[in-house]
Amino acid sequence: MLVKLEINTNKRVEFVDITSKVSNVVAQSGVKEGLCVVYVPHTTCGLTINEHADPSVVEDIIGHTSKLVPDSEKYRHLEGNSDAHIKASLFGSSVSIIVSDGRLLLGTWQGIFLCEFDGPRRRSVYVKVMEG
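Below is a short write-up of the structure. A quick note: this is a predicted structure, and the numbers were derived from the prediction, not measured.

Definitions and limits used
- Residues numbered from 1 in each chain as written.
- Predicted model: local features only at pLDDT ≥ 70, side-chain atom pairs only at ≥ 80, totals over all residues.
- Heavy atoms only, no water.
- Pairing = 2+ DSSP bridges.
- Helix = DSSP H or I, 4+ residues; strand = E, 2+ residues; numbered from the N terminus.
- Axes fitted to C-alpha atoms, helices over the stretch in contact; angles between N-to-C directions.
- Parallel < 35°, antiparallel > 145°, perpendicular 65-115°, else oblique.
- Left-handed = near helix turned anticlockwise from the far one by under 90°.
- Contact = heavy atoms within 4.5 Å.
- Nonpolar A, V, L, I, M, F, W, Y, C, P; charged D, E, K, R; others polar.
- Patch = residues over 30% accessible without salt bridge, like charges linked within 9 Å, V, L, I, M, F, W, Y side chains within 5 Å.
- Areas by Shrake-Rupley, 256 points an atom, 1.4 Å probe, with all protein chains shown as cover.
- Salt bridge = Lys/Arg side-chain N within 4 Å of Asp/Glu carboxyl O.
- Buried < 20%, exposed > 50% of the residue type's maximum accessible area, 1.4 Å probe, protein only.
- Core = buried A, V, L, I, M, F, W, Y, C linked by side-chain atoms within 4.5 Å.

**Re the sheet that holds strand E7 (residues 110–116)**
Spatial strand order, E2-E7-E4: three strands in an open sheet with antiparallel pairing. Lying at the two open borders of the sheet, with one neighbouring strand each, are strand E2 (14–17) and strand E4 (45–51). This sheet shows a mean twist of 35 degrees between the axes of neighbouring strands, independent of strand direction. In this structure, E2 lies alongside E7, joined through four bridges in antiparallel fashion. By the bridge assignment, Glu-14 is partnered in E7 with Glu-116.

**Overview of the packing of helix H2 (residues 55–68) against helix H3 (residues 82–91)**
Relative orientation of the contacting elements H2 and H3 amounts to 120 degrees, with a least axis distance of 11 Å. Between H2 and H3, the interaxial angle falls into the category oblique. Handedness of the H2/H3 crossing: right-handed. Mapping the contact onto sequence places Ile-61, Thr-65, Ser-66 and Leu-68 in H2 and Lys-87, Leu-90 and Phe-91 in H3. Within the contact of H2 with H3, the residues separate by chemical class into four nonpolar, two polar and one charged.

**Quick notes on a nonpolar patch on the surface**
Residues Leu-35, Ile-98, Leu-105 and Met-130 make up a contiguous nonpolar surface patch of about 330 Å² in total accessible area. Look at Ile-98 and you get partly exposed, because its relative accessible area is 48%.

**Describing the nonpolar core**
Ile-18, Val-22, Cys-36, Val-38, Leu-114, Val-125 and Val-127 are the most contacted members of the largest nonpolar core, which has 23 residues in total. Every element with two or more residues in this core is listed here: strand E1 (2–8), helix H1 (19–29), strand E3 (33–39), E4, strand E5 (94–100), E7 and strand E8 (122–131). If near-sequence neighbours (up to four positions away) are discounted, Val-125 is found in contact with Val-3, Lys-4, Leu-5, Ile-7, Ile-18, Val-38, Tyr-39, Val-40 and Leu-114. Within the second largest apolar cluster, eight residues are counted, among which are Val-58, Ile-61, Ala-84 and Cys-115.

**Details of the sheet that holds E1**
One open sheet holds the five strands; their spatial order is E1-E8-E3-E5-E6, and the pairing between them is antiparallel. At either margin of the open sheet sits one strand with a lone partner, and together these are E1 and strand E6 (103–104).

**Some details on the environment of Asp-71**
Considering the arrangement of structural elements, one finds Asp-71 in the loop between H2 and H3. When the C-alpha atoms of Asp-71 and Leu-5 are compared, they prove to be 28 Å apart, with 66 residues separating the residues in sequence. Those residues in contact with Asp-71, other than ones at most four positions away along the chain, are Arg-12 and Asp-83.

Structural data, given as structure tokens:
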């Protein structure tokens, strides 16, 4: 089963928790044991799995990532979003999660985040649920 989700972001840099949306796709798929792949076809946003119980974790990730790859550097890419391309490359464009007993096999505190680095935008997220 392949589902396309549309996610609106509201800030230039923002992490959007999409765990419940992905979980709903898994539930609708009827797959009890398998794999869920989540993928974004964009070059200035990514995906990650991290803690979603305490919002300060995401704030820390955003803050330190911005220090690591500042938006104010002199980049060769002239669109003004080179930092977003670099950050997206560091995070990656997909995550894979085991499906067990019809649910995502995430840790107690884990959530799936769309990592926006060049917003606000409307982003596509593809969720593929496979039996196996």
